[in-house]
Amino acid sequence: VPATGGGWSWGNLRRINTFLGYSSNCEDQAAVSHYNGVARFFRAMFYFEKVKRFGDVPWVETELNSTDEQLYAPRDSREFIMQKMLEDIDFAIENLPSAVSTFRVNKWAALALKAEFCLYEGTFRKYHAGHKPTLGTLPEDAQSADYYLDLAAKAAKQVMDSGIYSLAS
């Protein structure tokens with residue numbers, strides 16, 4: 001890994017987790033739900049990039065300090081990370097507004113992200129099945145490629161069925 005770069009940067013995750021750790025101090029519960037949805041959308045996106053690049057990575061959902069032992073924790077399995085990403089994106093889908101916006105994250109952007117990372121994971125598992133070095137850390141009860149492909153199709157179908165968006169010709 002080069003001295004700088006390499007993709008093993010966790011600063012954005014720390015900022016997201018710091019926000020999530022302190023958001024409950026706000027008295028406006030509607031705002032808390034909305035902005036926690038935004039934060040969890042970006043945490044799912046952050047982990048999607050990490051999983052694409054590294055596979056197994058450590059899951060961190062709290063703000064860490066320089067003395068926290070979790071800084072040296074081993075990587076969690078790809079299956080665990082994917083399930084946590086699904087929890088985050090499903091929370092975002094439930095708590096983000098459905099109003100169309102060019103500049104704000106909304107329910108439809110969250111559904112599109114879910115479709116994208118589930119499609120990625122489903123096809124990855126399908127075409128790497130039986131490849132021990134790549135998928136050897138998956139637990140025996142890990143979800144199948146078809147599970148993720150089905151989730152991707154359902155999320156994409158929700159966006160298409162909404163009728164809000166269309167392909168330009």
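What counts and what doesn't
Residues numbered from 1 in each chain as written. Predicted model: local features only at pLDDT ≥ 70, side-chain atom pairs only at ≥ 80, totals over all residues. Heavy atoms only, no water. Salt bridge = Lys/Arg side-chain N within 4 Å of Asp/Glu carboxyl O. Helix = DSSP H or I, 4+ residues; strand = E, 2+ residues; numbered from the N terminus. Buried < 20%, exposed > 50% of the residue type's maximum accessible area, 1.4 Å probe, protein only. Phe/Tyr/Trp six-rings, centres within 6.5 Å; stacked < 30°, edge-to-face > 60°. Lys NZ or Arg CZ within 6 Å of the ring centre and 35° of its normal.

## Comments concerning the pattern of salt bridges
No. 1: Applying the stated criterion across every chain, the model contains 12 salt bridges.
No. 2: The partner of aspartate 88 in a salt bridge is arginine 43, with the nearest N and O atoms 2.7 Å apart. Of this pair, aspartate 88 sits in helix 3 (residues 78-95) while arginine 43 is found in helix 2 (residues 29-54), placing the two residues 45 residues apart along the sequence.
No. 3: The buried category is assigned to aspartate 88, whose relative accessible area is 1%.
No. 4: Residue arginine 125 is joined to glutamate 79 by a salt bridge in which the shortest nitrogen-to-oxygen separation is 2.6 Å.

## Considering the packing of aromatic side chains
Aromatic ring pairs are described here by two measures, namely the spacing of the ring centres and the angle between the planes.
No. 1: On inspection of all chains with the given rule, the structure shows 11 aromatic pairs.
No. 2: Aromatic pair tryptophan 8 and tryptophan 10: ring centres 5.2 Å apart, planes at 75 degrees, arrangement edge-to-face.
No. 3: Judged by relative accessible area, which is 37%, tryptophan 8 ranks as partly exposed.
No. 4: Pairwise contacts between aromatic rings join Trp8, Trp10, Phe46, Tyr47, Phe54 and Trp59 into one cluster.
No. 5: Between arginine 40 and the ring centre of phenylalanine 91, over which it is positioned, the NZ or CZ distance is 4.3 Å.
No. 6: In this structure, arginine 78 packs its charged tip against the face of phenylalanine 124, placed 3.9 Å from the ring centre.

Just geometry here; none of it tells us what the structure is for.
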